[in-house]
Amino acid sequence: MTKESEKQRWQRNFADLLQELRVAQTGVQILFAFLLTLPFSNGFNRTTEFQRDVYVVALLAAAASAAMIISPVAFHRALFRQGRKPELVRFAHRMATAGLGFMLVSMVSAVLLVTDFVLDRPVAFLLSAITGVWFLGFWLILPFVRRSWGDDDIDDEDDDPQVLPGG
């Protein structure tokens, strides 16, 4: 097995993070586009004040999420060829984490908006809470629980920071 240098590890970490951000960026862009068009649809004038408030929360959270998820690209451009990859990776990690948090708020708010429009409010709150717990389960709880399971059940060299692919 070939050991990777610290520079190679930072390069790999950044490449991995960018790949993850591509997935998140697509989701937030689709949600943001939906939210941007919603006020121009025929039924939007039938929304209540509460629904419009929830809409604004969803829209602003989606905008914040998009800004944070895209920000590592701008940061990379600003630091290009300055040898500051560790700083870039740490920044990108924080922005990705915060961006996912805003995406969660936006998605749950969008679910609340739509379910409150078509169902009774208590049912809308229940379904939105379930949605939030569902996302938190997959995005936060499961990854942290998984960290404590150990590596006995899988053999994945890509997750080993000391091993280069194909090494």
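Residues numbered from 1 in each chain as written. Predicted model: local features only at pLDDT ≥ 70, side-chain atom pairs only at ≥ 80, totals over all residues. Heavy atoms only, no water.

1. As for the pattern of salt bridges
For the record, the criterion: For this document, the term salt bridge refers to a Lys or Arg side-chain nitrogen within 4 Å of an Asp or Glu carboxyl oxygen. Throughout this description, buried means an accessible area under 20% of the type-specific maximum (1.4 Å probe, protein chains only), exposed means over 50%, and partly exposed covers the range between.
In the structure shown here, the tally under the stated rule is 1 salt bridge. Across the salt bridge formed by R121 and D116, the nearest N and O atoms sit 2.9 Å from each other. R121 gets classed as partly exposed once you look at its relative accessible area, which sits at 34%. Residue classification places D116 among the buried positions, given a relative accessible area of 7%.

2. A short note on the packing of helix α3 (residues 85–118) against helix α4 (residues 121–147)
The condition that has to hold: Between N-to-C directions, angles span 0 to 180 degrees; the directions come from axes that are lines fitted to C-alpha atoms, helices contributing only their stretch in contact. Helix and strand definitions here come from DSSP, where helices need a minimum of 4 consecutive H or I residues and strands a minimum of 2 consecutive E residues; each element is numbered from the N-terminal end. Reported orientations rely on four angle classes, namely roughly parallel under 35 degrees, roughly antiparallel over 145, roughly perpendicular from 65 to 115, and oblique for the rest. In a left-handed crossing the near helix is turned counterclockwise from the far helix by less than a right angle, and in a right-handed crossing that turn is clockwise. It only takes one pair of heavy atoms within 4.5 Å for two residues to be counted as in contact. Any residue outside Ala, Val, Leu, Ile, Met, Phe, Trp, Tyr, Cys, Pro, Asp, Glu, Lys and Arg is labelled polar, Gly included; the first ten of those are nonpolar and the last four are charged.
Two elements in contact, α3 and α4, have axes whose closest approach is 8 Å; the angle formed by their N-to-C orientations is 155 degrees. Regarding the angle of α3 to α4, the classification is roughly antiparallel. Where α3 crosses over α4, the handedness of that crossing is right-handed. Contacts between α3 and α4 involve L100, M103, L104, M107, V108, V111, L112, T115 and D116 on the former and, on the latter, R121, A124, F125, L127, S128, T131, G132, F135, L136 and W139. Residue composition of the contact of α3 with α4, by class: 13 nonpolar, 4 polar and 2 charged.

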